Structure formats: C-alpha cells, structure tokens
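Each chain is listed here by its residues.
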Amino acid sequence: MNGLHHRNPGPIPAVVENPQMMIELINDGFHVQTPMVRLVFRLAPHRICLITDAMAATGCPDGPYKLGELDVTVVDSHARLVSNGAIAASTLTLAQAVKNAVAAGIPIVEAVEAATLSPARALGLDRANSVSEAPLGLLAPGFAADFNLCDNLLSVEKVWVAGVQVR
C-alpha cells in the first residue's frame, strides 16, 4: 500500500476521512511500525480492527514453512517469501496485537475494543442476526459471553465460550 505523501496521499487519508470505513491493522511492529499505530488510533477512534494475517507458523519456531504452495522463511517471527523476500504473512496472535497496542501507549480499553467490538461491528455481528445466536463484541447481557481473563501483563489465563469456561 502506498504510504502517506503530501502530493500523492494514497488510500490512508480516504479511509481515515470516511467514518463508515473500518481500518484493519496488523499490529506486529513489522507490518506497521509503532508510531503509525499510535497515529491511526488517534485519527480513527472506534474504527480500528486489530487483525493478525497469521499463517500456520504462528506459535512455532523460526524456520522454513509453506504458505499454500509458496516457500516461506520465518526469522525473528517475521515471515518472508523465499523467492523475493517480500512479507508473506504474520505469526502474530490477537492477544499479542492487543499487548503491542498497550505497549505503544494505546489505552487498554481502546486496544481491547479494536480486537473485539470493532471487528464484530464491521462484520455486523454486534447485533442479533441469522449468523450468530447472540451478538458478539461486548461482555454485556444478551451477548455471547465469549471472553478471556488476562493477568496484569495481558497474558490469557482463562477462556470462556458462550459463558462456559473452556480453559
């Protein structure tokens, strides 16, 4: 994607200026650097969706992997195509994306919203519909009660799905 430039602004200002657009952000410090993460959260509050673009190597050691038919090498958790060195995907987890946002100075409430309510809203899952029995994105009466309990370092300690503890 084109970066920001004063004579050739590219898609970023168009998305930021349109309040109906949500912004997907791979917050791994590799796809998007921390100063840009802070800028985007300031420019488009309540419209950031943290995503991972994660491949099968997520949670695995560095080394060679496949992304479909493509050869990929993961070094320092960064996945690159063997053929040309381009970024192939990420090995980011959503929990780590939230941690990275908080470490970048994003308030925890905004970081969690970007991983929960904003993506649910973008997909229309924040209200009852035929896709889900209960809406997603909030821990509130009538919602699905899918949530994690994290420690002070934002590491997941327990997990609930539909109100039932599964871990």
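Refer to the preceding data block for the structure.
Residues numbered from 1 in each chain as written. Predicted model: local features only at pLDDT ≥ 70, side-chain atom pairs only at ≥ 80, totals over all residues. Heavy atoms only, no water.

Student: Explain the sheet that holds strand S7 (residues 147-150) to me, please; I cannot follow it from the model alone.
Tutor: Strand pairing in a sheet is mediated by backbone hydrogen bonds. Such pairs are either parallel or antiparallel. Ordered by their spatial adjacency, 3 strands build an open sheet running S7-S8-S9, and the pairing between neighbours is antiparallel. Each edge of the sheet is formed by a strand with only one pairing partner; in this case those strands are S7 and strand S9 (164-165). Where strand S8 (residues 156-161) and S9 come together, 2 bridges link them in antiparallel fashion. Paired with Val 161 across the bridge in S9 is Val 164. (Pairing = 2+ DSSP bridges. Helix = DSSP H or I, 4+ residues; strand = E, 2+ residues; numbered from the N terminus.)

Student: Would you explain the environment of Pro 135 in this entry?
Tutor: Mapping Pro 135 onto the fold places it in the loop between helix H5 (117-122) and S7. The buried category is assigned to Pro 135, whose relative accessible area is 9%. Considering only alpha carbons, one finds Pro 135 and Gly 59, 76 residues apart in sequence, at a separation of 29 Å. Residues within four places of Pro 135 in sequence aside, it is in contact with Leu 125, Asp 126, Arg 127, Ala 128, Gly 142, Phe 143 and Ala 144. (Buried < 20%, exposed > 50% of the residue type's maximum accessible area, 1.4 Å probe, protein only. Contact = heavy atoms within 4.5 Å.)

Student: Before we go on, may I ask you to explain unusual backbone geometry in this structure?
Tutor: Negative phi values dominate among residues other than glycine, just as trans dominates among peptide bonds. Backbone geometry at Leu 154 places phi at a positive 65 degrees, although glycine is not the residue there. Mapping Leu 154 onto the fold places it in the loop between S7 and S8. Overall, Leu 154 belongs to the buried group, its relative accessible area being 15%. One non-glycine residue, Ala 162, adopts positive backbone phi at about 50 degrees. Position of Ala 162 among the secondary structure elements: in the loop between S8 and S9.

Keep in mind these numbers describe shape, not what the thing actually does.
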